[in-house]
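# Inside the fold
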Amino acid sequence: MSRSAHPAGPRHADVLPEGHYSAPPADLNALDPKVWAQTVTRDEDGVVTVGGIPVTRLAEEYGTPAYVLDEADFRARARAWRSAFGADADVFYAGKAFLSRAVVRWLHEEGLNVDVCSGGELATALSAGMPADRIAFHGNNKSVDEIIRAVEAGVGHIVLDSFQEIVRVAHIAQGLGKRQKVLIRITVGVEAHTHEFIATAHEDQKFGIPLAGGQAAEAVRRALQLDGLELVGIHSHIGSQIFDMSGFEVAAHRVVSLLKAVRDEHGVELPEIDLGGGLGIAYTSDDDPREPHEIAKALTEIVTRECEAAKLRTPRISVEPGRAIVGPTAFTLYEVGTIKPLDGLRTYVSVDGGMSDNIRTALYDAEYSVALVSRTSDAEPMLARVVGKHCESGDIVVKDAFLPSDLAPGDLIAVPATGAYCRSMASNYNHVLRPPVVAVDGGEARVIVRRETEEDLLRLDVG
């Protein structure tokens, strides 16, 4: 018998059974480098610093909550991905993870391309100076206006997501006197999440054209016949927060099988293959992500082996890391407010943000780490749940973590690995103002996305 969801959310009045959670860490003051940005450390007074700046100063100057982004870490990760894949492959940063004009400029300078999936993301990339031919445009329901703007701008690739879109883009491009380079996104029947993959019927989704039943092959036939399109390759994306390469191996085999069928039927060897993104990061000390050079080696070997077996030239590989670049580079800085102990259960620690600045815990049941960052403490650990200020029982930032038992209102705590999907999915729920993004580098800090104001809210409310 199925159970319907509680109207207040899946974690309404949720209580962990004894022994469900892990034991407290040996040192609550330690900062695991797996989950914190590269320049994060504690100074001699026990205050956490990033880019050489104490978080206490950042809180004073920019307020809380705030997303604090380590620019040096971001650039280092971008360079690592670019270097790992080399000149014979393309790295497209997935802008949906977090996009701003400053980030676009960093990407341009570090030699990465940008993947966008809306007119707003396209506008941001173009306004920051990213060359249009280094932009790929995704999306399952691109509007006519978005397609016109992308084609007029001269984007390098449009990723076609449906039979209707094949015709739509071809018609628009031809009307503008252009021949638009495109990829066809296919669903290969593989869904990969974290440490496992299931190679069954995962065509039941809104993205892509199924490989099953010959639909992807028919999409290729139609695209090759239209004058407004230049079909250059196949796109495949199999999941998110992936640590295991097994799913990619199955997906690559199926994509290459399609490339072979295209060669055999049309005499055309498509020159590109985009394997998407979804590579995982460490949100907690238990996560064990792969390094970019390991991922590049594995993906290149998989595609090369499959193409050799099919007697195909190895196509140019593209990947789309977003979370894997920006996720670990930022943390969210909060001020502690109400602290509510529940005897025999846990202590609820309320902060001045919540689901409006990080919806992922409520939306995906995501797990995060948290630390006291304005000082050190020798107090005993307490089991805590970090929650926000919203009128919602599911307003949880960190479900279960250990914090010092002497935690007090006014302390600063920080949640690492919030660079991806937190600011980009932030909302004004309860008319809470969205936090700023503060970039730090070499002892300097600057706002790259400013904090919203009440005037911003009221300006949109035309009465």
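These numbers come from a predicted model, not from an experiment.

### Here's the deal with the overall build of the protein
Scanning the protein for helices and strands turns up 12 helices and 24 strands. On C-alpha atoms alone, the protein measures out to a radius of gyration of 24 Å, which is about the 23 Å that the 2.2 N^0.38 rule sets for 463 residues. A principal-axis box enclosing the C-alpha atoms of the protein has dimensions of 70 × 50 × 45 Å. Across the 463 residues of the protein, 53% fall into the buried class. Of all intrachain contacts in the protein linking residues separated by at least 6 positions in sequence, the fraction that spans at least 24 positions is 71%. Accessible area for the protein stands at about 20,400 Å²; split by element, carbon and sulfur atoms hold 49% of it. Of the side chains in the protein, 46 bear a positive and 67 a negative charge, and the two mean positions are spaced by 6 Å.

### Re the sheet that holds strand E1 (residues 41-42)
Taking strand neighbours across the sheet as the criterion, the 3 strands line up as E1-E2-E3 in an open arrangement whose pairing is antiparallel. Edge positions in the open sheet fall to E1 and strand E3 (53-54), since each of these has one partner strand only. Relative to E3, strand E2 (residues 48-50) is paired through 2 bridges, and the arrangement is antiparallel. Paired with Thr 49 across the strands is Pro 54, a residue of E3.

### Section: the state of the cysteines
Summed over all chains, the structure comprises 0 disulfides. Not engaged in a disulfide, the cysteine Cys 117 finds its nearest cysteine sulfur in Cys 422; these two sulfurs lie 17 Å apart. Its relative accessible area of 33% is what places Cys 117 among the partly exposed residues.

### Overview of the side chain of Thr 329
Checked against the element boundaries, Thr 329 lands in the loop between helix H10 (323-326) and strand E17 (330-342). Setting aside anything within four residues of it in sequence, one finds Thr 329 in contact with Ala 37, Val 68, Leu 69, Asp 70, Asp 73, Phe 74 and Arg 77.

### Some points on the pairing of strand E5 (residues 89-94)
Among the 6 residues of E5, 6 are classified as buried, and the element is accordingly described as predominantly covered. Both faces of E5 are covered, namely the face carrying Ala 89, Val 91 and Tyr 93 and the face carrying Asp 90, Phe 92 and Ala 94. The parallel pair E5 and strand E6 (residues 113-116) is bridged by helix H3 (residues 101-110), and the resulting crossover is right-handed.

### Some remarks on the nonpolar core
Membership of the largest hydrophobic core comes to 109 residues, with the highest contact counts inside it found for Tyr 93, Ile 184 and Ile 413. At 8 residues, helix H8 (residues 246-266) tops the list of elements feeding residues into this core. Formed by 23 residues, the second largest nonpolar core is a distinct cluster that contains Leu 31, Tyr 62, Leu 412 and Val 438.

### Topic: the packing of aromatic side chains
Where two aromatic rings form a pair, the distance of their centres and the angle of their planes describe that pair. For the structure on display, the rule yields 5 aromatic pairs. Through a chain of ring-to-ring contacts, the aromatic side chains of Phe 74, Tyr 93 and Trp 106 assemble into a single cluster.

### A short note on unusual backbone geometry
Of note, the amide linkage connecting Thr 64 to Pro 65 takes the cis form, showing an omega dihedral of -10°. Structurally, the position occupied by Pro 65 is in the loop between helix H1 (55-62) and strand E4 (66-70). Backbone geometry places Tyr 421, a non-glycine residue, at a positive phi of 70°. Mapped onto the elements of the fold, Tyr 421 is located in the loop between strand E22 (412-416) and strand E23 (437-441). A relative accessible area of 16% means that Tyr 421 is categorised as buried. You will see that His 431, though not glycine, has its phi angle at about 60°, which is positive.

Basis of the calculations
- Residues numbered from 1 in each chain as written.
- Predicted model: local features only at pLDDT ≥ 70, side-chain atom pairs only at ≥ 80, totals over all residues.
- Heavy atoms only, no water.
- Helix = DSSP H or I, 4+ residues; strand = E, 2+ residues; numbered from the N terminus.
- Rg over C-alpha atoms; globule rule 2.2 N^0.38 Å.
- Buried < 20%, exposed > 50% of the residue type's maximum accessible area, 1.4 Å probe, protein only.
- Contact = heavy atoms within 4.5 Å.
- Areas by Shrake-Rupley, 256 points an atom, 1.4 Å probe, with all protein chains shown as cover.
- Lys, Arg positive; Asp, Glu negative; His and termini not counted.
- Charge placed at Lys NZ, Arg CZ, Asp CG, Glu CD.
- Pairing = 2+ DSSP bridges.
- Disulfide = S-S within 2.5 Å.
- Right-handed = clockwise from strand over helix to strand, strands pointing away.
- Core = buried A, V, L, I, M, F, W, Y, C linked by side-chain atoms within 4.5 Å.
- Phe/Tyr/Trp six-rings, centres within 6.5 Å; stacked < 30°, edge-to-face > 60°.

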